[in-house]
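One-letter residues, chain by chain:
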Amino acid sequence: MPNKLRAAITGVNGWVPEDRLTNADLEKMVDTSDEWITTRTGIKERRILRTPGWATSDMAAEAVRGLMLKTGLLPGEIDLLIVATVTADMVFPDTANTVCDKIGAKNAFGFDINAACSGFLYALATGAQFIVAGAYEKVVVVGADMMSSITDYTDRNTCVLFGDGAGAVLLEGRRDGTGIQDFVLRGDGAGREFLHMKSGGSLRPPSHETVDRREHYVYQEGKRVFKFAVEGMVSTAQEVLRRNHKTVDEVDWVVPHQANMRIITSVAEHLGVPMEKVMVNIHKYGNTTAATIPLCLWEYEDRLKKGDNLILTAFGGGFTWGSIYLKWAY
Ligand code: UT7
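Asks: Would you explain the overall build of the protein chain in this entry?
Replies: Secondary structure summary: the protein chain contains 11 helices and 13 strands in total. Radius of gyration (C-alpha) of the protein chain: 19 Å, near the 20 Å computed for a compact globule of 330 residues. Each principal axis of the C-alpha atoms in the protein chain carries an extent, and together these give about 60 × 45 × 35 Å. Taking all 330 residues of the protein chain together, the buried fraction comes to 54%. Considering only contacts within the protein chain whose residues lie at least 6 apart along the sequence, 76% involve residues at least 24 apart. In the structure as shown, the protein chain presents an accessible area of about 14,100 Å², 53% of it carried by carbon and sulfur atoms. Charged side chains of the protein chain number 36 positive and 41 negative; the gap between the two group centres comes to 4 Å.

Asks: It is not clear to me how the pairing of strand 13 (residues 320-327) should be interpreted in this structure. Could you clarify?
Replies: Both faces of the sheet carry side chains from a regular strand, because those side chains alternate between them. Burial within strand 13 is extensive, with seven of its eight residues counted as buried. Relative to strand 13, strand 8 (residues 179-187) runs antiparallel, the two being bridged by eight bridges. When the sheet's bridge partners are listed, leucine 185 is paired in strand 13 with glycine 322. Here strand 12 (residues 309-316) pairs with strand 13 via eight bridges, running antiparallel. Bridging across to strand 13, asparagine 309 finds its partner in lysine 327. Here strand 12 hands over to strand 13 after three residues, with glycine 318 in that stretch at a positive phi of 145°.

Asks: Please clarify how the sheet that holds strand 13 should be interpreted in this entry.
Replies: Two orientations exist for strands paired in a sheet by backbone hydrogen bonds: parallel and antiparallel. If you walk across this open sheet you meet the four strands as 8-13-12-11, and the pairing is mixed. The sheet is open, and its two edges are formed by strand 8 and strand 11 (253-256), each paired on a single side. On average, each strand axis in the sheet is inclined to that of its neighbour by 15°, with strand direction left out of account. Packed onto the sheet, helix 11 (residues 292-300) meets strand 11 and strand 12 and runs at close to 140° relative to strand 11.

Asks: Even after reading the chapter, I still don't get the domain arrangement of the protein chain, so can you show me in this structure?
Replies: By a frequent convention, interface size equals the accessible area lost on bringing the separate parts together. Assigned domains within the protein chain: domain 1 (6-177) and domain 2 (181-277 + 299-327). Placing a centre on the C-alpha atoms of domain 1 and another on those of domain 2 gives a separation of 15 Å. Domain 1 puts 27 residues into the contact, and the matching count from domain 2 is 30 residues. Linking domain 1 with domain 2 are three salt bridges. Arginine 214 is the salt-bridge partner of aspartate 152, the closest N and O atoms lying 3.0 Å from each other. Counting every contact that joins domain 1 to domain 2 gives 14 residue pairs in polar contact (both at pLDDT 80 or more).

Asks: Would you mind showing me how to read helix 9 (residues 261-271) here?
Replies: One full turn of an α-helix is made of 3.6 residues, so residues set three or four places apart face in the same direction. Buried within helix 9 we find Ile263, Ile264, Ser266, Val267, Ala268 and Leu271. Elements in contact with the buried residues of helix 9: helix 8 (222-243), strand 11 and helix 10 (282-285). Where helix 9 begins, the side chain of asparagine 260 points an oxygen toward the backbone nitrogen of arginine 262, at a separation of 2.7 Å. One or two residues past the end of helix 9 sits glycine 272, with phi positive at roughly 80°.

Asks: Any chance you could explain the pattern of salt bridges here in plain terms?
Replies: Pairing between side chains becomes possible if they bear opposite charge and their charged atoms approach one another. Counted by the stated rule, this structure contains 19 salt bridges. With its nearest N and O atoms 2.7 Å apart, the salt bridge here joins glutamate 45 to arginine 20. Taken as a pair, glutamate 45 in strand 3 (residues 45-47) and arginine 20 in strand 2 (residues 20-22) lie far apart in primary sequence, 25 residues in all. The partner of glutamate 231 in a salt bridge is lysine 227, and the shortest N-O contact between them spans 3.7 Å.

Asks: Would you mind going over the side chain of threonine 10 with me for this structure?
Replies: Locating threonine 10 in the fold gives a position in strand 1 (residues 6-15). For threonine 10, the side chain forms a polar contact with the side chain of glutamate 172, separated by 2.6 Å. Ignoring any residue separated from it by four or fewer positions in sequence, one finds threonine 10 in contact with Thr71, Leu170, Glu172, Arg174 and Tyr330.

About the cut-offs
- Residues numbered from 1 in each chain as written.
- Predicted model: local features only at pLDDT ≥ 70, side-chain atom pairs only at ≥ 80, totals over all residues.
- Heavy atoms only, no water.
- Helix = DSSP H or I, 4+ residues; strand = E, 2+ residues; numbered from the N terminus.
- Rg over C-alpha atoms; globule rule 2.2 N^0.38 Å.
- Buried < 20%, exposed > 50% of the residue type's maximum accessible area, 1.4 Å probe, protein only.
- Contact = heavy atoms within 4.5 Å.
- Areas by Shrake-Rupley, 256 points an atom, 1.4 Å probe, with all protein chains shown as cover.
- Lys, Arg positive; Asp, Glu negative; His and termini not counted.
- Charge placed at Lys NZ, Arg CZ, Asp CG, Glu CD.
- Pairing = 2+ DSSP bridges.
- Axes fitted to C-alpha atoms, helices over the stretch in contact; angles between N-to-C directions.
- Domains from an automatic or database assignment.
- Salt bridge = Lys/Arg side-chain N within 4 Å of Asp/Glu carboxyl O.
- Polar contact = N/O pair within 3.5 Å; in protein donor to acceptor, adjacent residues only side chain to side chain.

If you want it as structure tokens, here you go:
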């Protein structure tokens, strides 16, 4: 239905800090090796935010400033700004309102979405509803995480995985058949056992004891999460394709959450999509949680064509997972 109003991504931008944490650096910090990290995860280096006084909102603001430059969007034109993150600047207020302040988006309101590595997909689907309902015309969706602020650099199981970064997209209405066609989003709170931060919330407020027990960092049972991740990404991608009568051959790009290269290749294999059609930048940035998918779109933007069929797919803490099917708009 070409005339149907859909929410389309009409611009994308990313921002990553300059400082690199390489596998060689990590070899000096914990008992690990470049060989282990490369073969088990595909990661070679990650970016770490070390600018004094900077936090997630600053990376998000940089990503949005660049987006405005690229698209000609003025701060006062933004109606709504959503930030997907698990590393909010503060427990409250939300990061989105801080970003609106920093970029001068005086007419916007904003809120955060906490859905870990699926946060960008949840936020994109949410932002799209405001466009499709006719409520707003310009919605900015950001995925931003400063994972270094919740990573235990004495724990080799997790510290090799994560990095910092932010990606932002502009959503606008289109009636030419492009834009978000459909989404399948899922959640299962029983999965919280395997991937969480133990303390700092209302369940276990911060105390000397929680700090001494190193409970303010990501805790992950990697093997368990790995299995669920592949299953969740594959099943929702297949469901959204089936529902829209699309075959895998019609998919131009798969944009997977970048948690582990082995998860990415396994998802591609199960779907039957060749790796040439799969966006990958995990080797450079590691797992930036909510930022991985917009950072991929940003880096592959010049290879995308109007009308390309994209499947965005992610899995993360919660558990949360899902897939979005969209037609690229430009
Ligand atoms: O983004 C949100 C969702 N998250 C994910 O999707 C992540 C999913 N999980 C994973 O990506 C992988 O499970 C990891 C990369 C986290 C771990 O890989 P694995 O192949 O599942 O390794 P493992 O946890 O089974 O550990 C294998 C061995 C262990 O040694 P033993 O017990 O066999 O002697 C670990 O202690 O590797 C050891 N190990 C390491 N060795 C060197 C764990 N981390 C390291 C390390 N360097 N950094």
